[in-house]
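One-letter residues, chain by chain:
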Amino acid sequence: MATYEELHGKRVEVFDSDPTLNSSYEGQVWYNETTGTLKSVLSSGVWVSATPASNGSSSGQGFGIQTAAVIAGGATGPGNQSYVEEYNGSGWTNATAMPAVRQDGGSAGTETAGLVWCGEGSGNLNTTIEYDGSSWSSGGNYPITARGVRGSGTQTAAIGVGGQTPAPAASNVSAEYDGSSWTAGNNLPGNRIAAATSGPQTSALATTGKDNTPNASVTNLNTAYDGTNWTAQTVYPLSLRQAASTGTSSSANLVAGGVGNTPFGNAVTTAAQWDGSSWTTTGSLGTKSTHAAYAGTSTASMITGGAQDYPSYPGVTQEFNFSINTFTAAAWASGGNMNTGRTELMGVKEGTQTAALACGGQPGTTPPIGLNNSEEYNGTSWTEGNNLNTARKRGSSNGTQTAGLTAGGSNTAPVAPGAQNASEEYDGTSWSEGNNLSTARLGLGGSGGPQTASIVGGGTDSSNNRSTAVEEYDGTSWTNGGSLPTATSDAGGAGTSAAMIFGGGSAPPGNVNTVFAYDGSSWTASPTTLTYSVRLMASSGSSTAAIFSGGEAPSDVATVNRYDGTVFATAPSLGTTRGRLSGAGTSAAAIVYGGDPVSSATEEFTGETATATAKTLTTS
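What you see is a predicted model; the values in this text were computed from it and never measured.

**Concerning the side chain of E130**
In step 1: Structurally, E130 is set in strand β11 (residues 128-131).
In step 2: Excluding residues that lie within four positions of it along the chain, E130 makes contacts with G114, L115, S135, W136, S137, G139, Q155, Y177 and G179.

Following this line, the structure appears as structure tokens:
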């Protein structure tokens, strides 16, 4: 029998423990002499749930890659839609809407050079529109007017296939786009509606779909395109329509989901990879899906929207990765409850999931007065600490569990006459009086930073007027900073007195989603906005990596936004809907607690993780 060395040209290495794993170990075998086992690292395909799109839809047009994708339009209960969202690999942000409503059309390209054609608006369409990452413009008309057309490729080299025109007839037309006009090519071997199509114009694959028999039967046909001709390939394992397909050539593709022949039947979870000659089933979808928008490759893809049990339209997003890593989706989990439930509390923003500090707030009492007690969190449970010297709610609190700072707030109702300027420092054991704010305020927003480089802005003064005032703390005293461009209260913020991101809040006539950045002296309007207009949220992190959670918009929400230094995008929602809460931590490891209605609940956020795991080799 041949040895491993003879087969693979290398010997089996011997270790006393498993090595630190990376892609270089894929397919290699080693011997762990401590456990007496042969080990290796093997790739596998796994789907994980990701952040849902803001707008649940079916039959949206998708294009791009897993970490830079676009979903355009689609259908919901009220009808066809024109909205557009962009995905950055972790969350969604709203983008420029299409010029008109559209669903069930063809799509191709990238996030900054996309293409959508045909589909259904007020009726079937033959128009083409191009996306440059910020705006839409008209392109050349498609050869037929149809919905259920599919395609792939780039904005300047796309391939379109099939379609339904007029209902219920299916088409075998294929056409190529050169960046300005469509040219009819050789026909598909069979008529097809809603085929799963992927790959470039010179090496595409069209799989499954409906034909135009009287009952519009689904098919398992699989055909490859070489830039001129279509050739029949090994059929797909299932007969389906409205499946998702991603890939980089006619020999590297992934097909997932879809629905069978039963009218409005249930979707499937099946996924399979194509290598140019055969299909191999891979990890199943976590949530069955049909009519989804999709983007990516055969080893790194995403699908979003679609229907699970038609005609529901959730915004479910799922990511597929074929690698040596085991992926765990970002999620919120319950932590230990606070000893005293409260709303409008303050929490030091530089705290962590294992070292948080909460103080003040409002209990469920009448009249609604402020509290003076504080609590510390160790990652599991909350412990009562020494009290604030001045009871308050809706103030600002920065720093850490061992070097905290709180300022402003109110202790009475109605709130405005009770606005305070008191400032206190925490040393990990007790609170001591510090120098006061220049202006008494409650609802201070945009706070953040350590005890020695903190910043607060906005709020409501004792005359119930919203303020533009900004003050910075150097560990001893407060000094005026650059004024906010807009008088705002109850905004969120993250960063320090030298670099702050400030967003949302209340600025009459209502809540806002605007964002400003501070450089230590002046504010500039950011091109990004929060995905929702909100006040009284939890916020923490840095000026380039922030997280804003929950709040009032205008009623309590569970919505979460994360900032990556460029844009705010959605993140997995809180498990509990609430506003007037507080929080701490980073955009990848945050914590929130308390809130309205009066709550003692704590939740902890962990971003997506990827871990390589060795597998033990056995004989059978």
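**Topic: the sheet that holds strand β6 (residues 68-76)**
In step 1: Strands sit in the order β5-β6-β7-β8 across an open sheet of 4 strands; the sheet is antiparallel. The sheet terminates laterally at β5 (61-65) and β8 (92-95), the two strands that pair on one side only. Across the sheet, the axes of successive neighbouring strands diverge by a mean angle of 25°, strand direction being ignored.
In step 2: Here 5 bridges tie β5 to β6, and the two strands are oriented antiparallel to one another.

**Section: empty space enclosed by the protein**
In step 1: A complete count under the given rule lists 6 cavities of 30 Å³ or more for this structure.
In step 2: Here the largest cavity is characterised by a volume of approximately 280 Å³.
In step 3: In terms of lining, the largest cavity is formed by 24 residues, of which the most central are L345, G395, L444, M537 and L581.
In step 4: The residue makeup of the lining of the largest cavity, split by class, is 8 nonpolar, 11 polar and 5 charged.
In step 5: Taken as a whole, the second largest cavity encloses approximately 130 Å³ of empty space.
In step 6: If you go around the second largest cavity, you meet 16 residues; those closest to its centre are G60, G105, R150, A292 and Y294.
In step 7: Listed by contribution, the elements that provide at least two residues to the lining of the second largest cavity are β5, β9 (106-110), β13 (150-154) and β25 (293-296).

**Overview of unusual backbone geometry**
In step 1: Omega for the bond connecting T165 with P166 falls within 30 degrees of zero, at -20°, which places this linkage in the cis form.
In step 2: If you trace the backbone, P166 turns up in the loop between β14 (157-161) and β15 (174-177).
In step 3: Along the chain, A553 connects to P554 via a cis peptide bond; the corresponding omega equals -10°.
In step 4: Along the chain, P554 turns up in the loop between β49 (545-549) and β50 (560-563).
In step 5: Located in the positive-phi region is A194, a residue other than glycine, with phi close to 55°.
In step 6: With respect to the helices and strands, A194 occurs in the loop between β16 (182-184) and β17 (196-198).
In step 7: For A194, a relative accessible area of 1% corresponds to the buried category.

**Details of the sheet that holds β16**
In step 1: Across the sheet, which stays open at both edges, the 4 strands sit in the order β13-β14-β15-β16 with antiparallel pairing between neighbours. This sheet does not close on itself; its edge strands, each paired only once, are β13 and β16. Pairs of neighbouring strands in the sheet enclose a mean axial angle of 20°, with direction left out of account.
In step 2: Relative to β16, β15 runs antiparallel, the two sharing 3 bridges. Paired with Y177 across the strands is W182, a residue of β16.

**Examining a nonpolar patch on the surface**
In step 1: There is a patch of nonpolar side chains on the surface, built from V12, V14, Y31 and L38 and spanning about 290 Å² of accessible area.
In step 2: Note on placement: Y31 falls in strand β2 (residues 29-32).
In step 3: The exposure class of Y31 is partly exposed, given its relative accessible area of 31%.

**Focus: the pattern of salt bridges**
In step 1: Throughout the structure, instances matching the rule amount to 12 salt bridges.
In step 2: Here D104 and R150 are joined by a salt bridge, their closest N and O atoms 2.8 Å apart. You can see D104 sitting in the loop between β8 and β9 and its partner R150 sitting in strand β13, a full 46 residues away along the chain.
In step 3: Measuring nitrogen to oxygen at the nearest pair gives 3.3 Å for the salt bridge that ties R147 to E120. One end of the pair, R147, is in the loop between β12 (136-138) and β13; the other, E120, is in the loop between β10 (113-117) and β11, with 27 residues separating them in the sequence.
In step 4: In this structure R147 comes out as partly exposed when scored by relative accessible area, which is 21%.
In step 5: One connected set of salt bridges, linked through shared partners, spans E344, R394, D490, R535, E552 and R580.

**Re the pairing of strand β36 (residues 423-426)**
In step 1: Judged by which residues are buried, β36 turns out to be covered on both faces: S423 and E425 on one side and E424 and Y426 on the other are all buried.
In step 2: Bridge analysis of strand β35 (residues 404-407) against β36 gives 4 bridges, and the strand direction is antiparallel. The residue of β36 that forms the bridge with G404 is Y426.
In step 3: When β36 meets strand β37 (residues 431-433), the two strands line up antiparallel, connected through 3 bridges. Across the sheet, the residue bridging to Y426 is W431, located in β37.
In step 4: The turn linking β36 back onto β37 is made up of 4 residues, and G428 within it adopts a positive phi angle of 100°.

**Description of the layout of surface pockets**
The method is simple in principle: a probe with the dimensions of a water molecule rolls over the atoms, and the space it marks as empty is what remains.
In step 1: Size it by volume and the second largest pocket reaches roughly 380 Å³.
In step 2: Lining the second largest pocket are 25 residues, and of these G64, G109, G153, G247 and G296 lie nearest its centre.
In step 3: Broken down by secondary-structure element, the contributors of at least two residues to the lining of the second largest pocket are β5, β9, β13, β17, β21 (244-249) and β25.
In step 4: Looking at side-chain class alone, the lining of the second largest pocket contains 6 nonpolar, 19 polar and no charged residues.

**So, the packing of aromatic side chains**
In step 1: The tally for this structure, following the rule as stated, stands at 20 aromatic pairs.
In step 2: Look at W47 and F320: their rings are 5.1 Å apart centre to centre, the planes differ by 45°, and that puts the pair in the tilted class. Placement of W47 in strand β4 (residues 44-50) and of F320 in strand β27 (residues 317-323) is noted, with a sequence separation of 273 residues between them. A single burial state applies to W47 and to F320, both of which are buried.

**A word on the pairing of strand β38 (residues 445-448)**
Looking down a regular strand, the side chains alternate between one sheet face and the other.
In step 1: With 2 bridges joining them, β38 and strand β39 (residues 454-457) adopt antiparallel strand pairing. Within β39, the position partnered with G448 by the bridge is I455.
In step 2: Between β38 and the antiparallel strand that follows it, β39, lie 5 residues; G449 among them carries a positive phi value of about 105°.

**Topic: the nonpolar core**
In step 1: Residues L115, W117, Y142, V149, A158 and W182 are the most contacted members of the largest nonpolar core, which totals 13 residues.
In step 2: Those elements giving two or more residues to this core turn out to be β10 and β15.
In step 3: With residues up to four places along the chain from it excluded, the contact list for L115 reads F63, G106, S107, A108, T128, I129, E130, T154, Q155, A158, Y177 and W182.

The rules behind these values
- Residues numbered from 1 in each chain as written.
- Predicted model: local features only at pLDDT ≥ 70, side-chain atom pairs only at ≥ 80, totals over all residues.
- Heavy atoms only, no water.
- Helix = DSSP H or I, 4+ residues; strand = E, 2+ residues; numbered from the N terminus.
- Contact = heavy atoms within 4.5 Å.
- Pairing = 2+ DSSP bridges.
- Axes fitted to C-alpha atoms, helices over the stretch in contact; angles between N-to-C directions.
- 1 Å grid on protein atoms, 1.4 Å probe; cavity = no way out; pocket = protein on both sides within 12 Å on 5 of 7 lines; lining within 4 Å.
- Points joined across faces, edges and corners; volume = space filled by probe spheres on them.
- Nonpolar A, V, L, I, M, F, W, Y, C, P; charged D, E, K, R; others polar.
- Buried < 20%, exposed > 50% of the residue type's maximum accessible area, 1.4 Å probe, protein only.
- Patch = residues over 30% accessible without salt bridge, like charges linked within 9 Å, V, L, I, M, F, W, Y side chains within 5 Å.
- Areas by Shrake-Rupley, 256 points an atom, 1.4 Å probe, with all protein chains shown as cover.
- Salt bridge = Lys/Arg side-chain N within 4 Å of Asp/Glu carboxyl O.
- Phe/Tyr/Trp six-rings, centres within 6.5 Å; stacked < 30°, edge-to-face > 60°.
- Core = buried A, V, L, I, M, F, W, Y, C linked by side-chain atoms within 4.5 Å.

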